[in-house]
Amino acid sequence: MLVATSTGERPFHVLKKDYGAERVKAIDSENTFTKTTAQYLAANFNEFQSLKSSQSLEFDVQGNKQFLQVLPWQDDKGLDWLIVVVVPEADFMAQINANTTATILLCAAALLVAIIVGVVTARWVTKPILSLNEAAKNIARGEWGKSVTLNRDDEVGELANSFNSMPTQLQVSFTAMQALNAELSESESRLNQILEAVPVGIFVADSSGKPYYVNSRSQDLLGKGIIATTSEEIRENYQIYLAGSNEVYPADKDSIINAFKGASVNVDDMEIRHLDRIIPIEVWGTPIYDDKGKVSYAIAAFADITQRKQAEKLVAEYNRTLEVQVAERTQEFKTALENLQTTQEELIQSEKMAALGQLVAGVAHELNTPLGAIRSSAGNMINFLGQTITNLPSLFQSLSPAESENFSQLMYRSLQKDMTLTAREERKLKRTLIRQLEGEDIDEADDIADTLVDMGIYEADDFLSLLQKVDRDRILEIAYKLSEIQRGTQIINTAADRASKVVFALKTYARYDSAETMVESNITQGIETVLTLYQNNLKHGVEVHRNFPKIPPVLCYVDQLNQVWTNLIHNALQAMDNQGTLTLDIVQEGNYIKVGVTDSGAGIPTEVMPKIFAPFFTTKPPGEGSGLGLDIVKKIIDKHRGKIEVESVPGKTTFTVFLPVNLP
C-alpha cells in the first residue's frame, strides 16, 4: 500500500459516503514510475517479503535507465514501511552530455586551426629545403659553382651557408682523394710484384670462403687460377687430397677453414693431383684480421715438398730394413740378457743420460729465453742510461717542485704497468687517452699517447702540467728511458731466477752417486726437479695437477728414484702427445708412500698390459724407444722393496709406485 509519494498522487480512493476511503496499492498506481517500480520490486523480491535490508538497484522504464534505492523502516509502534527513492539517469546526465558536445566542437575548431598553421609552417620550411635539395643535386653532378641564396638567420640559413662552402671543400678533398688513389694503386702494384716473386704458392680467400687471390706459383702448383667456389668446395675443385689416400682433404684439418676460425695451422699431409702427376705440399694457414679484430681474409702459403717426401721414403725403407735386422738379432740379444742384468747400474745411468739428451733441446730453450731477456734488457739499459744520465740535472732544474713531484709520480705509475693487458685492450686505452689529450688542446696527441701507453700510463689527468710544457718531448723521452731502465732491472731479476732454477734442476738430475748409499730424501723435491726439466714440454698444452701433501722423507737411492719419476713422466707425456692433463698424487698409507702418475692419453691396450714391464718390449715406432724404461723402473722399485701397479682405460692411465717409509 502507498503511504506517501512525491509524485502528487493521492495514496487512497474515496468510496461511497457511508464507506469512507480506501488506500491504493503501489502496483495499481496511476503514476507510471510508481507502478513500474512497485512491479519490479514485487517480481524480484517475493511481493516485497525479502526486502529486509537496504538495496541499490537499476532498472529501465520505457527504455530509460532508473537508479533505485530501497530502505526498510520499522519502529516499536508496529510500523513496517519501505522508503523507495527513484532517480532517472537523465536528471543528472543532461549537463554532462551538454559539456561533451561543447568539448567536441572545441576540439574540431582546434584541429582546423592546427591544420591551417601546419600548412603555413610546412610551406615556410619546405621551400628552403627544396632549395637545399637542388644545391645537393648540383654538388652530386659536380657543378661546384652554383650556390644557395636564402636570406634567413635561423638554422636553415646556417645550413645554406654550409652548403655554399661545401663545394670548395669537396673539390679539395676530391683532388686529395685522387692523389691517394694513385698512391694506393702504386702500392697494390708493388705488392703484386712482391707476391708474384715469392717462390711459394700464395692463396687468399675472402670472408665468404671464395678464392680472392692466387699468385703465379700457386697457379703452377694448383693447375688453375681463381675459380668460383666456396670454402667447402675448394679442396674438391682444386683436387686437394689427403696424402696416400683417395679421400678429399678433411675440412677439420683444412688450413683455410681453420684460419677463418682464428687458428694458424701448418700441415704437410696434402697432395695436389693432376692428370699426369701428384704433388705433395706443405701448407701454412694464417688468419688476416680487420681493424675490428674480425677475420676478413685467410691466407695459405704452400710449397712443393716432393724431394723431402722422397727422402722420408728412403729413411722409412732404411728403418724397415733396420727393423728386420734388429728382429734377426733379437735372439742373440736374449742370450746376452743375463750379462746385461749384471751391469744394471751402468744401464740405468745410460738410460738417464739418454733421457737427459732428450731434454737438452727443451732445457736449452728454457735457458735461452731468460738469457735473451737479460741480454735485451741489459742492452737497452746501457743505451738508455748513457742517453739519460747527462740530461737529468738540467731536467730537474727546469721543473718546479710541483712538476718534479708530478714527474716522480709519472715514474712510479710507469712501474705499476699492467703486463696482463692484451694488445687490443692497450689500443682501446690509447684511443681514450688520445681523446683526452685532444680535449686539452695538446698537439701531437697520438705520439704522446703512444709513449704513455708504452710506459703503462693510461690516464693523463695528473700529468697535464708536464705535457703542456714547451720541452715536454724531452721530459717524456727521459721518463720513458728511466722507466725502461727500471723495468729492465725487474726483467733481468725474473729471468735470472728462472735460469737459476733450470740450472739447479739440471745439476740435481745429472749428478751421479757412485757410492750407492741410501739417504733420506724428499720425494716431492725429486718430482719437482723432473717437472722443471720437462717444462718446455709441459707449457705448450699440458695441464699439471699437483696433489702434494706434507709427507715424511723416505730412505732411498735418490738418483735412481729420480730416474723412476723421469721415465714415468716422460711416458705419460708421450702417451698424450704433449696435449692433455698430467696428475701427480702423493699420499701416505700406513708404512707406504704412494706416488701416482696419471695421464689423459689413449690408454694401454688390454693385450699389451702383461708385457709392459718386460725388457725390450715397446709399442713405439722403431728408433723412438728401447723398451728398457719400465723394466728399469721396476728393477729400481724392487731394489727399494716397493712395488708398482698400473691401471688403464681410454682417457686415464695411472702408474702407482709404493715405497716403504722405513725399510726393514
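Source: prediction; values computed, not measured.

Rules used throughout
Residues numbered from 1 in each chain as written. Predicted model: local features only at pLDDT ≥ 70, side-chain atom pairs only at ≥ 80, totals over all residues. Heavy atoms only, no water. Helix = DSSP H or I, 4+ residues; strand = E, 2+ residues; numbered from the N terminus. Buried < 20%, exposed > 50% of the residue type's maximum accessible area, 1.4 Å probe, protein only. Contact = heavy atoms within 4.5 Å. Areas by Shrake-Rupley, 256 points an atom, 1.4 Å probe, with all protein chains shown as cover. Phe/Tyr/Trp six-rings, centres within 6.5 Å; stacked < 30°, edge-to-face > 60°. Lys NZ or Arg CZ within 6 Å of the ring centre and 35° of its normal. Patch = residues over 30% accessible without salt bridge, like charges linked within 9 Å, V, L, I, M, F, W, Y side chains within 5 Å. Salt bridge = Lys/Arg side-chain N within 4 Å of Asp/Glu carboxyl O. Lys, Arg positive; Asp, Glu negative; His and termini not counted. Charge placed at Lys NZ, Arg CZ, Asp CG, Glu CD. Axes fitted to C-alpha atoms, helices over the stretch in contact; angles between N-to-C directions. Parallel < 35°, antiparallel > 145°, perpendicular 65-115°, else oblique. Left-handed = near helix turned anticlockwise from the far one by under 90°. Pairing = 2+ DSSP bridges. Expected span 1.5 Å × (residues − 1). Arc of directions from axis to C-beta. Core = buried A, V, L, I, M, F, W, Y, C linked by side-chain atoms within 4.5 Å. Polar contact = N/O pair within 3.5 Å; in protein donor to acceptor, adjacent residues only side chain to side chain.

1. Some thoughts on the overall build of the protein chain
And then number 1: The secondary structure content of the protein chain amounts to 19 helices and 18 strands.
And then number 2: By residue count, 32% of the 664 residues in the protein chain fall in the buried class.
And then number 3: In the protein chain, 58% of the contacts between residues at least 6 apart in sequence involve partners at least 24 apart.
And then number 4: About 40500 Å² of surface is accessible on the protein chain, with carbon and sulfur atoms providing 55% of the total.

2. Quick word on the packing of aromatic side chains
And then number 1: Applying the stated criterion to the full structure yields four aromatic pairs.
And then number 2: With 6.4 Å between their ring centres and 80° between their planes, Tyr 592 and Phe 658 make a pair best called edge-to-face. With Tyr 592 in strand S16 (residues 592-599) and Phe 658 in strand S18 (residues 652-660), this pair connects stretches of sequence that are 66 residues apart.
And then number 3: Just above the ring of Tyr 557 sits the side chain of Lys 639; from NZ or CZ to the centre is 4.5 Å.
And then number 4: Taking the ring centre of Phe 658 as reference, the NZ or CZ of Lys 643 above it sits at 4.8 Å.

3. A word on a negative patch on the surface
And then number 1: Taken together, the side chains of Glu 440, Asp 441, Glu 459 and Asp 461 present a region of like negative charge at the surface.
And then number 2: With respect to the helices and strands, Glu 440 occurs in the loop between helix H12 (423-439) and helix H13 (445-455).

4. Brief notes about the environment of Ile 527
And then number 1: Counting through the fold element by element, Ile 527 comes out in helix H16 (residues 523-533).
And then number 2: It is 9.1 Å that separates the C-alpha atoms of Ile 527 and Ile 569, two residues lying 42 residues apart in sequence.
And then number 3: Ignoring anything within four residues of it in the chain, the contact list for Ile 527 reads Phe 548, Trp 565, Ile 569, Leu 584, Ile 586 and Val 595.

5. Observations regarding the packing of H12 against H13
And then number 1: Remark: H12 packs on H13, axes separated minimally by 9 Å, with the N-to-C direction vectors making an angle of 135°. As judged from the angle between their axes, H12 and H13 are oblique. Viewed along their axes, H12 and H13 form a crossing whose handedness is right-handed. On H13, the residues that touch Glu 426, Lys 430, Leu 433, Ile 434, Leu 437 and Glu 438 of H12 are Ala 445, Asp 446, Ile 448, Ala 449, Asp 450, Leu 452 and Val 453.

6. Thoughts on the pattern of salt bridges
And then number 1: Within this structure, the stated rule accounts for 13 salt bridges.
And then number 2: The partner of Glu 271 in a salt bridge is Arg 273, with the nearest N and O atoms 3.3 Å apart.
And then number 3: Look at Glu 271 and you get buried, because its relative accessible area is 13%.
And then number 4: Taking the shortest distance from any N to any O, the salt bridge between Lys 634 and Asp 638 comes out at 3.2 Å. Note that Lys 634 and Asp 638 are positioned in helix H19 (residues 629-639) at a spacing of four residues, about one turn of the helix.
And then number 5: For Asp 638, a relative accessible area of 41% gives the class partly exposed.
And then number 6: Through salt bridges with shared partners, a single ionic network connects Asp 268, Glu 282, Arg 308, Lys 309 and Glu 312.

7. Remarks on a positive patch on the surface
And then number 1: There is a patch of like positive charges on the surface, built from Arg 424, Arg 427, Lys 428, Arg 431 and Arg 435.
And then number 2: Looking at the secondary structure, you find Arg 427 in helix H12.

8. Observations regarding the sheet that holds strand S3 (residues 55-61)
Sheet strands pair by backbone hydrogen bonding; their relative direction is either parallel or antiparallel.
And then number 1: Taken together, three strands build an open sheet; the order of strands is S3-S4-S5 and the sheet is antiparallel. Bordering the open sheet on either side are S3 and strand S5 (80-88), each of which pairs with just one other strand. Averaged over neighbouring strand pairs, the angle between their axes works out to 30° when direction is ignored.
And then number 2: When S3 meets strand S4 (residues 64-74), the two strands line up antiparallel, connected through seven bridges.

9. So, the environment of Asn 547
And then number 1: Looking at the element boundaries, Asn 547 is found in strand S13 (residues 542-547).
And then number 2: By relative accessible area, Asn 547 is classed as partly exposed at 37%.
And then number 3: Beyond its immediate sequence surroundings of up to four residues, Asn 547 is in contact with Thr 583, Leu 584, Asp 585 and Ile 586.

10. Let's talk about H12
And then number 1: For H12, which comprises 17 residues, the first-to-last C-alpha distance of 24 Å matches the rise-based estimate of 24 Å (1.5 Å per residue) to within 8%.
And then number 2: Among the residues making up H12, those that are buried are Leu 433, Ile 434 and Leu 437. Viewed along the axis of H12, the buried residues span an arc of 110°, placing them on a single side of the element. Across from the buried face of H12, at angles greater than 90 degrees, the exposed residues are Arg 424, Lys 428, Arg 435 and Gly 439.
And then number 3: Just downstream of H12 lies Asp 441, where phi reads positive at about 60°.

11. Thoughts on a nonpolar patch on the surface
And then number 1: A cluster of nonpolar residues, Val 3, Leu 71, Trp 73, Leu 79, Trp 81, Ile 83, Val 85 and Val 87, forms a patch on the protein surface that exposes about 620 Å² of accessible area.
And then number 2: When residues of the nonpolar patch are traced back to their parent elements, those giving at least two are S4 and S5.
And then number 3: Looking at the nonpolar patch element by element, the count peaks at four residues for S5.
And then number 4: Following the sequence through the fold, Ile 83 ends up in strand S5.
And then number 5: The class of Ile 83 is partly exposed, set by a relative accessible area of 39%.

12. Looking at the nonpolar core
And then number 1: Within the largest apolar cluster, 38 residues are counted, with the highest numbers of intra-cluster contacts made by Ile 523, Ile 527, Val 564, Trp 565, Leu 568, Leu 582 and Val 657.
And then number 2: If you list the elements that add at least two residues to this core, you get H16, strand S14 (554-556), helix H18 (558-575), strand S15 (580-589), S16, H19 and S18.
And then number 3: The element that contributes the greatest number of residues to this core is H18, accounting for eight residues.
And then number 4: Among the nonpolar cores identified, the runner-up in size contains 23 residues, and Ile 434, Ala 449, Leu 467 and Ala 479 belong to it.

13. What about the side chain of His 640?
And then number 1: Checked against the element boundaries, His 640 lands in the loop between H19 and strand S17 (643-649).
And then number 2: Looking at His 640, the relative accessible area reads 2%, which means it is buried.
And then number 3: A polar atom in the side chain of His 640 sits 3.0 Å from the backbone nitrogen of Tyr 557.

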